[in-house]
Amino acid sequence: MNKNRYLSKVIDSNLKTKMVFIGGARQVGKTTLAKEIIAPLFGNSEYYNWDFAPDRNRLKKLEFPGEPSLLILDEIHKLRGWKRFLKGIYDTQKDRYRFLVTGSARLNIFRRGGDSLQGRYHYYTLHPFSFSELMNHTPVIEPGQELQFTGNNSADTLNSLLQFGGFPEPFLSQSRRTLRRWHAEKLERLFREDIRETEDIRDFSNLKLLGDMLPQKAGAPLSVNAIREDLEVSHKAVTNWLNILEQFYYHFRIYPFAGSKVRSIKKAPKLYLVDWSEIEDEGARFENLIASHLLKTIDFLRESEGYKTELFYLRGTDGKEVNFLITHDGKPWFAVEAKLTETAPSPQLRYFKERLQTPYTYQVIRKSGVDILRDGIRIISSDKFLGGVG
């Protein structure tokens, strides 16, 4: 497997002009990307981890290398007033140092209070391994155009990705025992070391119970009221906890597309996990895998290229539903329906294709070796489809 990650080149290029922020889930590979892939591209580098007391003290004393260097600042968002602190260092030292900031939370959301860092950084989200990345293939994607697929299919790679998820440690181990232990340790550290240190939460027990509940809710419309009743807490508390878990990259939500040509429900987002290997139901895990790949695609196009791409799902007031719709400049680009085995074109996919004039529609199935066009809908194997997205 290629050691480089998909963000390596764009980060290297951006560091020449601005700070670069890398957000992403705990253990998704941010530190490895910074220290082992990006740092060697520079003559000198220095790593500071805010969770490590000696590094914390060096930062407080503004103790930096004598030589011009790349400064890697990890988890600095845990410092109260970190934005103001970083702005001061950057504004006075940017001619001498390059700044790479990493964190296991959405650093763009953490930009609260104090002076703004506006115009001083580029923000990137590091996602777990995807199929194309594991195949050492970089798809060429042009927003608004049809996706391009290669013949580099691999059912074995897809099976491993479905079973072990895309986080480096469990995926590379290919061990169910390692995966089970990794799940338990990841969640414990998320609550104990990340959320507790940055959020004022008194009811941690119910927050953890919510985390235990979410894998069973992946791929379904999310009812805050139902969760509130199960936990016997307020609507406000559940909403706050969901926002916090999303902020720390535990899950993400997608919302129904609202357009003039389709009567859509206004709320009810669907929830997916960043680590789909936690999901037991095969169909829900497969749908989550597709959702995660599509999210990675639109994040990269937006963060790296500046395209206005978004991910939605389609659900009308009449109950018709399609798993995913990707838009470009607010207009439908392509729709995706995830199916384990069904090769007959989805009537709902056909309905929304005609109703929204969606240029491209894909019915992605689990079985390998399928690629046919029926009624304007391309029915395609997931390993081939995922090779054409991020």
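If you're wondering where the values come from, they're calculated on a predicted model, not measured in any experiment.

A. Expanded view of the sheet that holds strand β6 (residues 251-256). Spatially, β7-β6-β8-β9-β10-β11-β13-β12 is the arrangement adopted by the eight strands of the open sheet, whose pairing is mixed. Across the chains shown, the open sheet's two edge strands, defined by having one partner strand only, are β7 (270-273) and β12 (371-374). Across the sheet, the mean angle from the axis of one strand to that of its neighbour is 30 degrees, orientation sign disregarded. In the packing of helix α11 (residues 235-247) onto the sheet, contacts are made with β6 and β7, and the angle to β6 comes to roughly 115 degrees. Running at roughly 35 degrees to strand β9 (residues 321-328), helix α13 (residues 347-356) makes contact with β8 (309-315), β9, β10 (331-339), β11 (360-365) and β13 (377-381) of the sheet.

B. Highlighting empty space enclosed by the protein. Within this structure, the stated rule accounts for one cavity of 30 Å³ or more. Size it by volume and the largest cavity reaches roughly 100 Å³. Around the largest cavity, the lining residues are Ala25, Arg26, Phe167, Lys186, Leu190, Phe248, Tyr249, Tyr250, Val274 and Asp275.

C. Region of the structure containing the packing of aromatic side chains. Enumeration over the complete set of coordinates arrives at 17 aromatic pairs. Geometrically, the ring pair formed by Tyr90 and Phe99 is edge-to-face, given 5.6 Å between the ring centres and 75 degrees between the ring planes. Of the two residues examined, Tyr90 and Phe99, each falls in the buried class. Chaining the aromatic ring pairs together yields one cluster made of Phe149, Trp333, Phe334, Tyr362 and Phe385. One Lys or Arg, Lys296, reaches over the ring of Tyr6 and ends 4.0 Å from the middle of that ring.

D. Geometry of helix α12 (residues 282-305). The end-to-end C-alpha distance of α12, which contains 24 residues, comes to 34 Å, matching closely the 34 Å that a straight helix rising 1.5 Å per residue would cover. Burial within α12 is extensive, with 18 of its 24 residues counted as buried. Where α12 begins, the capping side chain belongs to Asp281, and its oxygen is found 3.2 Å from the backbone nitrogen of Gly283. Directly after α12, the chain includes Gly306, whose backbone phi takes a positive value near 80 degrees.

E. Seen up close, the nonpolar core. With 111 residues, the main nonpolar core has Ile11, Phe21, Leu100, Ile195, Leu294, Phe324 and Phe385 as its most contacted residues. Among all residues touching Phe21, those that are not within four sequence positions of it are Trp82, Leu86, Val101, Leu107, Leu117, Tyr121, His122, Tyr123 and Tyr124.

F. Quick look at the sheet that holds strand β3 (residues 70-74). Spatially, five strands are ordered β2-β3-β4-β1-β5 in an open sheet, and the strand pairing comes out parallel. The sheet terminates laterally at β2 (45-49) and β5 (121-125), the two strands that pair on one side only. Looking at each pair of strands side by side, their axes are set apart by 15 degrees on average, direction ignored. Sheet topology note: the β2/β3 ladder contains five bridges and is parallel. By the bridge assignment for β3, Glu46 is matched with Leu71. Against the sheet, helix α4 (residues 82-93) contacts β1 (19-23), β3 and β4 (98-103), and its axis sits at roughly 160 degrees relative to β4.

G. The arrangement of helix α9 (residues 204-213) in detail. Phe204, Asn206, Leu207, Leu210, Gly211 and Met213 are the residues of α9 that are buried. Its buried side turned inward, α9 meets α8 (176-198), α10 (224-231) and α11.

H. Molecular detail of the packing of α8 against α9. Two numbers describe how α8 lies on α9: the axes approach to 11 Å, and their chain directions differ by 130 degrees. Taken as axis vectors, α8 and α9 run oblique relative to one another. In this structure, α8 crosses over α9, and the sense of that crossing is right-handed. Contact residues: Glu188, Phe191, Ile195 and Arg196 in α8; Phe204, Leu207 and Lys208 in α9.

I. A look at the side chain of Asn49. Tracing the backbone through its elements, the reader meets Asn49 in strand β2. Looking at Asn49, its side chain comes within polar contact range of the side chain of Tyr47, at 3.3 Å. One polar contact links the side chain of Asn49 to the main-chain amide nitrogen of Asp51, over a distance of 2.9 Å. Leave out the neighbours within four places in its chain, and Asn49 touches Asp55, Arg56, Asp74 and Glu75.

J. A look at the pattern of salt bridges. Within the structure shown, the criterion is met by 24 salt bridges. The partner of Lys78 in a salt bridge is Asp194, with the nearest N and O atoms 3.4 Å apart. One end of the pair, Lys78, is in the loop between β3 and α4; the other, Asp194, is in helix α8, with 116 residues separating them in the sequence. Under the relative-accessibility criterion, Asp194 is labelled buried at 0%. Lys384 is the partner of Asp371 in a salt bridge, and the nearest nitrogen-oxygen pair spans 2.8 Å. Of this pair, Asp371 sits in strand β12 while Lys384 sits in helix α14 (residues 382-386), and the two are 13 residues apart along the sequence. Members of the salt-bridge network, linked through shared partners, are Arg26, Asp51, Glu75, Lys78 and Asp194.

K. The environment of Arg26, seen in detail. Note that Arg26 resides in the loop between β1 and α2 (30-38). On a C-alpha basis, the gap between Arg26 and His137 in space is 25 Å, while along the polypeptide they are 111 residues apart. At a separation of 2.9 Å, a polar atom in the side chain of Arg26 contacts the side chain of Asp194.

About the criteria used
- Residues numbered from 1 in each chain as written.
- Predicted model: local features only at pLDDT ≥ 70, side-chain atom pairs only at ≥ 80, totals over all residues.
- Heavy atoms only, no water.
- Pairing = 2+ DSSP bridges.
- Helix = DSSP H or I, 4+ residues; strand = E, 2+ residues; numbered from the N terminus.
- Axes fitted to C-alpha atoms, helices over the stretch in contact; angles between N-to-C directions.
- Contact = heavy atoms within 4.5 Å.
- 1 Å grid on protein atoms, 1.4 Å probe; cavity = no way out; pocket = protein on both sides within 12 Å on 5 of 7 lines; lining within 4 Å.
- Points joined across faces, edges and corners; volume = space filled by probe spheres on them.
- Phe/Tyr/Trp six-rings, centres within 6.5 Å; stacked < 30°, edge-to-face > 60°.
- Buried < 20%, exposed > 50% of the residue type's maximum accessible area, 1.4 Å probe, protein only.
- Lys NZ or Arg CZ within 6 Å of the ring centre and 35° of its normal.
- Expected span 1.5 Å × (residues − 1).
- Polar contact = N/O pair within 3.5 Å; in protein donor to acceptor, adjacent residues only side chain to side chain.
- Core = buried A, V, L, I, M, F, W, Y, C linked by side-chain atoms within 4.5 Å.
- Parallel < 35°, antiparallel > 145°, perpendicular 65-115°, else oblique.
- Left-handed = near helix turned anticlockwise from the far one by under 90°.
- Salt bridge = Lys/Arg side-chain N within 4 Å of Asp/Glu carboxyl O.

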